[in-house]
Amino acid sequence: MSIRTGMVRPKKRIANFISYAIVVVLGALTLSVLFQSYQISSRLMSQEVKRTSGQTANLIQSLFNFRLASVQIHQDSSAQSQSLIEALESKNPVNVDQYFVSVDQLELSNTPDIRFITTMQGLAWDDGNAQFYGMEKKQLDNIIRKVAFNSNWHLLSSPSQLDKTYLLVRRSPLINQKTGEVAGFLYVGIVLNNNYALVETMRDGSNSQNLVLTVGKKVITSTLNGNEPYREADVIKSGLSDTLYNRNMVTRAPLEVEGVPTYLTVYSVQNNQNALRLRDNYYFWMIFALVAMVIVAGITRWWLQRRIESEIDGLMTYTHQVADKGSKNPFPGSTIYEFDHFGRTLEHTFMRLAEQEKQFEDLFNFTASPTILWWPDGQLIKMNPSARKQFIRQYDDETLLFSQLEQQLLPNISEAAKGFVIKSVNTELGGKMFRWNLSPIEVDDKIESIIAQGHDVTSITEAEKQSRIARKEAEESARLRADFLAKMSHELRTPLNGILGVSQLLKRTVTDQEQIEQVNVLCTSGEHLLAVLNDILDFSRLEQGKFRIQKNEFRLSEMPGALTRIYQPLCNEKGLNLNVQSNFNESVMVYGDQVRINQILFNLLNNAIKFTHHGEIGVELELVKNSSTSRIKVVVTDTGIGIREADLRIIFDPFMQAESTTTREYGGSGLGLAIVKSLVDMLGGTIDVHSQPGQGTQFTFEIPLEVLANQASVSPNISADVQYSLFDETLTVLLVEDNHTNAFIARAFCKKYGLNVDWVTDGLQAIEKVQTNHYDLILMDNQLPYLGGIDATIKIKQELKLDVPVYACTADGMESTRDAFMNAGASYVLVKPIKEASLHKALTHFKQQHNMAK
């Protein structure tokens with residue numbers, strides 16, 4: 001048994017975890033209750049404090065209003081006194097002084113700070129207190145102007161000798177009761193600066209410790225005597241911040257005069273001991289709850305340790321007995337359900353582990369595959385009987401097979417020791433081949449051993465070897481077949497070139513009707529033989545994967561006209577109607593392989609005409625568009641002999657036709673539909689066929705196309721008629737051709753275009769000619785004696801650096817031959833047998849690309 005060498009974390013008892021859980025749950029519940037209660041109480045206290053503050057502010061306002069009302073009543077009473085009017089009319093200030101002295105003695109508390117009387121002539125009397133407060137006489141004139149319109153209280157500020165004085169001033173008219181006239185106006189004023197009597201009266205009436213009267217943040221009156229633990233600025237700051245749990249609570253009360261807000265503010269300082277005591281009480285109970293939880297945790301841990309630890313010890317004792325000593329005694333049980341269930345589960349698990357160990361041991365010992373267990377350093381641990389039978393006591397050249405196996409597997413064991421799974425390691429021992437899979441065995445994230453399991457794959461290896469040989473032979477056979485087809489193509493096209501060339505020349509010279517029919521038969525037979533040859537070569541290229549898809553832009557609207565021009569004469573000869581319909585727009589351009597689509601169409605139409613004796617051939621061309629893709633859909637129908645349902649499954653197979661008599665009656669290679677199916681698949685399309693014997697056949701194929709932007713201009717159709725007057729001057733052409741028949745045909749065709757032809761039979765002669773003569777064009781055959789056409793082209797274009805155009809004329813129609821000629825420097829490739837149309841196309845290309853450049 002391996003022992004982990006890593007750091008071992010300290011272990012905790014389950015009783016601790018349970019007690020922790022209980023304490024956490026109880027603590028969370030207790031704290032949440034205390035916190036909620038504290039929040040509720042805090043809100044209630046806050047509301048109560050705000051209510052108290054509001055009451056204090058209202059009380060201060062009421063006391064302030066009472067003071068103003070008392071002075072106002074005293075003023076109005078004096079203003080209605082006939083004695084004051086008589087004293088004023090006596091124009092003796094002493095009489096007025098005596099009146100107010102007598103009045104003030106009766107109500108000294110309601111005496112205003114400033115008193116003066118005005119008449120229509122101006123200031124008639126003043127008590128002289130204005131000068132006491134530092135105000136000059138002209139300041140009284142300013143006060144008179146400010147309060148000259150009504151009898152309300154006016155809050156005014158007046159400059160003084162010491163500081164700005166704030167005062168409340170009111171005017172009351174003096175009415176003569178006898179005459180009813182206004183004798184003057186009595187002005188009274190209350191100075192707010194240092195008005196201790198006023199603020200002390202409001203302090204005592206509002207049950208406050210101290211009051212501070214301010215204008216904005218400026219203190220004008222205060223009851224603080226300097227012995228308090230706070231200053232006036234502290235009171236104002238606390239009043240603005242609305243602090244709840246400070247030692248003293250400050251209430252801010254903005255004052256109003258006769259219901260009109262002013263810039264006077266009174267800050268009231270009150271004791272806040274009740275709120276502080278309630279807060280301290282909550283703190284105490286929270287601390288008490290925490291201490292209680294700690295005590296509960298201790299008691300819970302002690303109780304759990306006593307009650308549960310004995311059960312756990314019994315469970316652990318059973319576990320160690322089974323794990324260390326392999327005891328098979330049943331679990332004795334537990335009085336606690338959870339531990340009893342856990343013990344029964346362990347008992348069941350140990351039983352299953354024992355069974356699995358036995359099964360593994362049996363599998364290791366009795367498996368037919370050799371299995372070996374290694375240490376990570378490559379030392380042997382153990383091997384099963386199959387491995388001992390294979391490698392122990394078995395020798396090869398007097399060397400123990402196990403020693404050879406160990407040497408071969410040691411590098412792979414080292415790789416597996418790094419954590420990699422190694423598969424398919426082959427070892428050859430004693431004439432047998434074994435294939436091994438090596439896997440690391442990890443325990444506690446550490447690789448403890450490597451298990452290697454082998455299989456005797458001697459027969460499988462031999463079969464793989466034979467399969468490789470067979471595949472190589474098949475590839476060689478395919479290559480030889482391709483070479484054979486290329487050579488046969490050249491050998492067949494050479495006489496075909498002569499047959500078709502002479503037949504085309506004869507068609508323009510014979511006049512006898514019988515000879516014309518004979519020449520037509522000759523042409524038709526040659527064309528049929530060429531079509532069979534082309535089918536065989538196309539199918540060969542498809543089999544080898546050398547058939548290329550070359551996409552380009554083309555106009556779909558040209559397709560119906562081309563089909564009509566090519567196949568209308570053929571249908572006319574057999575008395576068939578040709579019906580070509582399409583929905584193509586003249587301006588639509590598409591991107592696809594036009595050549596292969598035409599090849600599919602031509603093969604299907606050739607079959608339709610071949611197997612139809614009366615009726616009609618129908619072609620429906622449709623461009624189908626949707627939001628994501630576009631495709632061309634083509635339906636080719638005929639009224640021919642039809643195909644039996646049983647034969648529909650094989651018509652796309654190579655060299656297969658519906659009936660054995662078809663080949664004898666109609667001819668053909670049997671490759672046309674196989675090529676069609678392969679081309680449709682290569683273009684990503686689908687093809688279907690429906691047919692009834694005696695009624696006709698319908699082929700439907702769809703091929704995806706990319707629709708390009710519409711083109712407004714329409715390119716003119718090129719006339720199919722051959723025009724021989726291509727060149728304005730006589731051109732000199734070097735014809736390199738080893739076959740006399742082919743040379744005769746090519747020279748005859750060239751004469752029709754007014755070309756001067758110089759003929760040589762091999763590549764070396766061609767090299768000599770171009771070095772000593774000037775030629776406008778070289779027609780180069782491929783397979784030549786002494787020096788082939790491709791090598792001769794390389795010599796002319798790359799070594800001699802001549803700019804004369806080289807047009808290849810080869811009977812080898814393979815794509816590789818064409819590419820080789822183009823890479824060598826050729827400008828065009830003609831495939832034999834050469835026809836008038838193909839030669840005309842090549843000479844037109846020459847005129848456009850080379851002759852016009854001169």
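The structure presented is a predicted model; accordingly, all values stated were derived computationally and were not measured.

Draft legend 1. Geometry of a nonpolar patch on the surface. A surface patch of nonpolar side chains, amounting to about 390 Å² of accessible area, comprises Ile22, Val25, Leu26, Leu29 and Val296. Tallying contributions element by element places helix 1 (residues 14–79) first for the nonpolar patch, with 4 residues. Summarising the element assignment, leucine 29 is placed in helix 1.

Draft legend 2. Representation of the packing of aromatic side chains in the model. Taken as a whole and assessed by the stated rule, the structure comprises 10 aromatic pairs. Their ring planes at 80° and their centres at 5.2 Å tell us that phenylalanine 132 and tyrosine 133 sit as a pair that is edge-to-face. An aromatic cluster is defined as three or more aromatic residues linked by ring pairs; in this entry it consists of Phe727, Tyr807, Tyr828 and Phe846.

Draft legend 3. Region of interest: the pairing of strand 20 (residues 616–625). Of the strand pairs in this sheet, strand 18 (residues 577–582) and strand 20 are connected by 6 bridges, and their pairing is parallel. Within strand 20, the residue paired with glutamine 581 across the bridge is glutamate 620. In the sheet, strand 20 pairs with strand 21 (residues 630–638) via 9 bridges, with the strands oriented antiparallel. Residue pairing for strand 21: isoleucine 617 is matched across the bridge by aspartate 638.

Draft legend 4. Structural context of the side chain of serine 557. Position of serine 557 among the secondary structure elements: in the loop between strand 17 (552–555) and helix 14 (558–574). Within the structure, serine 557 has its side chain in polar contact with the side chain of glutamate 586 (distance 3.5 Å). The contacts of serine 557, once residues within four sequence positions are left out, are Phe584, Asn585 and Glu586.

Draft legend 5. Summary view of the sheet that holds strand 6 (residues 210–215). Spatial ordering of the open sheet is given by 7-6-9-8, a layout of 4 strands whose pairing is antiparallel. Taken across any chain shown, the strands that pair with only one partner, and hence form the sheet edges, are strand 7 (218–222) and strand 8 (248–257). Across this sheet, the average inter-strand angle for adjacent strands is 30°, counted without regard to direction. Of the strand pairs in this sheet, strand 6 and strand 7 are connected by 4 bridges, and their pairing is antiparallel. Across the sheet, threonine 214 pairs through a bridge with valine 219, a residue of strand 7.

Draft legend 6. Fine view of the UniProt feature "modified residue: 4-aspartylphosphate" (unreviewed entry) in the protein. The feature "modified residue: 4-aspartylphosphate" (unreviewed entry), as given by UniProt, occupies Asp781 in the numbering adopted here. For aspartate 781, the position within the fold is in strand 26 (residues 777–781). Taking the relative accessible area as the measure of exposure, aspartate 781 reaches 0% and is therefore buried.

Draft legend 7. Expanded view of the packing of helix 19 (residues 763–772) against helix 20 (residues 789–799). Between helix 19 and helix 20, whose axes approach to 9 Å, the crossing angle comes to 20°. Considering their axes alone, helix 19 and helix 20 lie roughly parallel with respect to each other. The two elements helix 19 and helix 20 cross, and the hand of that crossing is right-handed. Contacts between helix 19 and helix 20 involve Gly763, Ile767 and Val770 on the former and, on the latter, Ala792, Lys795 and Ile796. Looking at side-chain class alone, the contact of helix 19 with helix 20 contains 4 nonpolar, 1 polar and 1 charged residues.

Draft legend 8. Quick peek at unusual backbone geometry. If you check the backbone angles, tyrosine 786 has positive phi at about 70° while not being a glycine. Structurally, tyrosine 786 is set in the loop between strand 26 and helix 20. Accessibility expressed as a relative area gives 73% for tyrosine 786, which makes it exposed.

Draft legend 9. Fine view of the nonpolar core. Counting residues in each nonpolar core, the largest one holds 40 residues, and the members touching the most others are Leu556, Met559, Ile600, Leu601 and Phe701. Every element with two or more residues in this core is listed here: helix 14, helix 15 (594–610), strand 20, strand 21, helix 17 (672–682), strand 22 (686–692) and strand 23 (696–707). It is helix 15 that provides the largest number of residues to this core, a total of 7 residues. In this structure, leucine 601 is in contact with Met559, Leu563, Val619, Leu621, Val634, Val636 and Phe701, ignoring residues within four places of it in sequence. The next biggest cluster of nonpolar side chains, apart from the first, holds 34 residues, and it includes Phe100, Leu168, Ile190 and Leu192.

Draft legend 10. Quick peek at helix 3 (residues 93–106). With 14 residues, helix 3 extends 21 Å from end C-alpha to end C-alpha; this agrees with the ideal 20 Å at 1.5 Å per step. All buried positions along helix 3 are accounted for by Val96, Tyr99, Phe100, Val103 and Asp104. Looking down the long axis of helix 3, one finds its buried residues gathered within 125° of arc, a one-sided arrangement. For helix 3, exposure combined with an orientation more than 90 degrees from the buried face picks out Gln98 and Gln105.

Draft legend 11. Structural context of the packing of helix 20 against helix 21 (residues 815–824). Running from N to C, helix 20 and helix 21 point in directions that differ by 20°, and their axes come no closer than 8 Å. The angle between the axes of helix 20 and helix 21 places the two elements in the roughly parallel class. Classified by chirality, the crossing of helix 21 by helix 20 is right-handed. Residue-level contacts link Gly789, Ile790, Thr793, Ile794, Lys797 and Gln798 of helix 20 to Ala820, Phe821, Asn823 and Ala824 of helix 21. Here the contact of helix 20 with helix 21 is built from residues that sort into 5 nonpolar, 4 polar and 1 charged.

Conventions and cut-offs
Residues numbered from 1 in each chain as written. Predicted model: local features only at pLDDT ≥ 70, side-chain atom pairs only at ≥ 80, totals over all residues. Heavy atoms only, no water. Patch = residues over 30% accessible without salt bridge, like charges linked within 9 Å, V, L, I, M, F, W, Y side chains within 5 Å. Areas by Shrake-Rupley, 256 points an atom, 1.4 Å probe, with all protein chains shown as cover. Salt bridge = Lys/Arg side-chain N within 4 Å of Asp/Glu carboxyl O. Helix = DSSP H or I, 4+ residues; strand = E, 2+ residues; numbered from the N terminus. Phe/Tyr/Trp six-rings, centres within 6.5 Å; stacked < 30°, edge-to-face > 60°. Pairing = 2+ DSSP bridges. Polar contact = N/O pair within 3.5 Å; in protein donor to acceptor, adjacent residues only side chain to side chain. Contact = heavy atoms within 4.5 Å. Axes fitted to C-alpha atoms, helices over the stretch in contact; angles between N-to-C directions. UniProt positions renumbered as here; feature names shortened; annotations may be inferred. Buried < 20%, exposed > 50% of the residue type's maximum accessible area, 1.4 Å probe, protein only. Parallel < 35°, antiparallel > 145°, perpendicular 65-115°, else oblique. Left-handed = near helix turned anticlockwise from the far one by under 90°. Nonpolar A, V, L, I, M, F, W, Y, C, P; charged D, E, K, R; others polar. Core = buried A, V, L, I, M, F, W, Y, C linked by side-chain atoms within 4.5 Å. Expected span 1.5 Å × (residues − 1). Arc of directions from axis to C-beta.

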